[in-house]
Amino acid sequence: MSVDPNAPTTTEQPSQPTEQPTEQPSQPTSYPVSLVVVETGRQHGVSGGASFDLIRDEDGNPETEYALVATIDGVNVPLQSFSRPVLDQLAASEKARTQTDTSG
Amino acid sequence: MSGVVTCINAFKQSLTGSSFEALAACTKDSLTVISTANPSVPAAWMEELFASNHAHKMEAEVFSQRFGDNQNGYRAEVQFRSGTTQQSILGRTVDIPVWSADTLNVQVNGTASDNANVMMQLYYPNIPGAGQRLATAAYVEPIIQGGIAGNSRVLGIEVTVTPGTTGNYGTAVALNANDDRLQADYDYAVIGYSTDTPVLCIGISGPDTGFYRVPCPAMWDQRWTADWFLQQSRWRNSARVPIINANNKATTFLDGVDAVNTGATKVTLFMAQLPNKFQGGQ
């Protein structure tokens, strides 16, 4: 095999490891979550469906509950519901306990 | 003999906590056993004991000089599970005698600021003139299984009841307030019930109960409640199934009581129509 004397000489460089771009840990996507008050919409079914009444609180207003919702793509997606009287009662007793602790 | 199933409910709001403290009887209830004028024979038996706390576990006890001992008597642990805290703390077939005119003490040892309730079911074998109508499971079950003239007549009648928000009885609601389907003039056997929320005690009272409050403890496990009165009768081989005439639907009332503010609670009574008028003693 003949070698062209005028061919530029190239010095074979040892192969260098290819530099990979530094991988950044992916950031989790987060969605806002909130607790909102909504009407339950529960009804009585009366006498073969002739008439329906909404279940109401003792003050006569339609029954409501707490709903835990996540806002995904601009839409409130219900995750779970909670009885409003039960949570209100827990909040009242926690408030009373906190006030007792700070005053005691 | 005029047997009566009834209950005593006791409550306390905002416990002091950390030591036993007394509960008070709910409105028109009394912790004093009805006097039968015979101190040597049991006036009644405590057949059921249920308890609930709205936020934490606790201990509950019932005692008197003639019930257990006059210190802690019958003492039990009450678990707490959010939403399903109502529970039995007396064995299913354990019936403890209570004595004429004895005053029971009901106490709990819980967490400060908690609300606590205890329900006791009592059976008096004879209150003269009480007129409570009770049948046995052995009488009712064949009627259910046989049907009436080629029809099955077991209904679920819905009543929405709101237990009181202060541990006491809530507003009473008529049996036919929300669902009026009972056939006039017929007797119905109340075999059990279901609820959409656990409640310590739903009470039924009216002309057919002698105006005594028949307790319906509504736990989360509705295998207990769906045939509650049939089971009560089987366990004791005695009449425990309330009989209610349809003509009394507007004067038969349901109310509720619990340490937890359950809000409006749907109760469905399972009622089996009887083909013939119930004469009692069956």
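Just above sits the structure.
Computed from a prediction, not measured in an experiment: that's the story for all the values here.

Below, the discussion takes up the nonpolar core. Nonpolar side chains tend toward joint burial in soluble globular proteins. Residue and element names in this part refer to chain B. Of all hydrophobic cores here, the largest spans 49 residues; its most connected members are Leu175, Phe229, Leu254, Leu269 and Met271. Residues contacting leucine 254, with those up to four places away along its chain left out, are Val159, Val161, Thr171, Ala172, Val173, Leu175, Ile202, Gly203, Ile204, Val267 and Leu269. If you look at the next biggest cluster of nonpolar residues, it comprises 31 residues, including Phe67, Val78, Leu90 and Ala116.

Tallying each qualifying case throughout the model produces 21 salt bridges over all chains. A salt bridge links arginine 97 of chain A to aspartate 114 of chain B, with the shortest nitrogen-to-oxygen separation between them at 3.0 Å. Here arginine 97 of chain A is found in helix 1 (residues 84-103), whereas its partner aspartate 114 of chain B is found in the loop between strand 9 (105-109) and strand 10 (116-124) on a different chain. For the pair formed by arginine 97 of chain A and aspartate 114 of chain B, the shared burial category is buried.

Turning to the interface of chain B and chain A, a few remarks are in order. Opposite the 22 residues of chain B that make contact, chain A presents 18 residues. Between chain B and chain A we count two salt bridges in total. A salt bridge links arginine 42 of chain A to aspartate 196 of chain B, with the nearest nitrogen and oxygen atoms 2.1 Å apart. Put simply, chain B and chain A have nine residue pairs in polar contact (both at pLDDT 80 or more) between them. Across the side of chain B that touches chain A, the residue classes tally to five nonpolar, 12 polar and five charged.

Further remarks concern the packing of aromatic side chains. Residue and element names in this part refer to chain B. Scanning all chains against the criterion turns up six aromatic pairs over all chains. Pairing phenylalanine 50 with tryptophan 228 gives two aromatic rings, centres 6.1 Å apart and planes at 70°, and the pair type is edge-to-face. With a gap of 178 residues between them, phenylalanine 50 in strand 4 (residues 42-53) and tryptophan 228 in helix 3 (residues 228-236) connect regions that are remote in the sequence. We note that phenylalanine 50, like tryptophan 228, is buried. Relative to tryptophan 235, the ring of tryptophan 228 lies with its centre 6.2 Å away and its plane at 85°, an arrangement referred to as edge-to-face. You can call tryptophan 235 partly exposed: its relative accessible area is 26%. The ring centre of tyrosine 169 lies 3.5 Å from the NZ or CZ of arginine 213, which sits over that ring. Positioned over the ring face of tyrosine 123 is arginine 240, at 3.5 Å from the centre of the ring.

Looking now at the sheet that holds strand 18 (residues 253-257) of chain B. Across a sheet, paired strands are connected by hydrogen bonds in the backbone, their directions being either parallel or antiparallel. Residues and elements named next belong to chain B. Strands sit in the order 13-18-15-16 across an open sheet of four strands; the sheet is antiparallel. Pairing within the sheet leaves two strands with one partner each, and these edge strands are strand 13 (173-174) and strand 16 (214-218). Two strands pair when backbone bridges link them, and strand 13 and strand 18 are joined in this way by two bridges, in the antiparallel orientation. Residue pairing for strand 18: valine 173 is matched across the bridge by leucine 254.

All names here are of chain B. Take isoleucine 157: it is sitting in strand 12 (residues 154-161). Isoleucine 157 gets classed as buried once you look at its relative accessible area, which sits at 1%. Remark: the alpha-carbon pair of isoleucine 157 and valine 267, spanning 110 residues in sequence, is separated by 8.0 Å. The residues touching isoleucine 157, leaving out its near neighbours within four places in the chain, are Leu175, Asp179, Arg181, Leu182, Val267, Thr268, Leu269 and Met271.

Here we take up the sheet that holds strand 6 (residues 74-78) of chain B. Residue and element names in this part refer to chain B. Read from one edge of the open sheet, four strands run 2-9-5-6, paired in antiparallel fashion. What marks the edges here is a single partner per strand, and that holds for strand 2 (21-22) and strand 6. By the bridge criterion, five bridges tie strand 5 (residues 58-63) to strand 6 in an arrangement that is antiparallel. Among the inter-strand pairings, valine 62 is bridged to a residue of strand 6, identified as tyrosine 74.

Rules used in this analysis
- Within every chain, residues take consecutive numbers counted from 1 along the sequence as written.
- Going through the entries in the order they are written, you letter the chains from A and number the ligands from 1.
- The predicted origin of the model limits local features to residues at a pLDDT of at least 70 and limits the giving and counting of side-chain atom pairs to 80 or more, whereas totals for whole chains, interfaces and linings rest on all residues.
- Where side-chain values are given, they derive from all heavy atoms of the structure, hydrogens and water being excluded.
- Working definition of a nonpolar core: buried Ala, Val, Leu, Ile, Met, Phe, Trp, Tyr and Cys residues. They are joined through side-chain atoms within 4.5 Å.
- Relative accessibility thresholds used throughout: buried, under 20% of the residue-type maximum; exposed, over 50%; partly exposed, between the two (1.4 Å probe, protein chains only).
- Throughout, a residue-residue contact means that at least one pair of heavy atoms, one from each residue, lies within 4.5 Å.
- The term salt bridge refers to a pairing of a side-chain nitrogen on Lys or Arg with a carboxyl oxygen on Asp or Glu at a separation within 4 Å.
- Numbering goes from the N terminus for both helices and strands, where a helix is a DSSP run of H or I of at least four residues and a strand is a run of E of at least two.
- Distance and chemistry together define a polar contact, namely a pair of N or O atoms within 3.5 Å, with one atom able to donate a hydrogen and the other to accept it when in protein, and with adjacent residues in sequence counting only for side-chain atoms on both sides.
- Polarity classes work like this: nonpolar for Ala, Val, Leu, Ile, Met, Phe, Trp, Tyr, Cys and Pro, charged for Asp, Glu, Lys and Arg, and polar for all others, with Gly in that last group.
- Each aromatic pair joins two rings of Phe, Tyr and Trp (for Trp, the six-membered one) with centres within 6.5 Å, and gets the label stacked for planes under 30 degrees apart, edge-to-face for over 60, and tilted for any other angle.
- Criterion for a charge above a ring: Lys NZ or Arg CZ within 6 Å of the ring centre, and within 35 degrees of the ring normal.
- Here the rule is simple: two strands pair whenever DSSP picks up at least two bridges between them.

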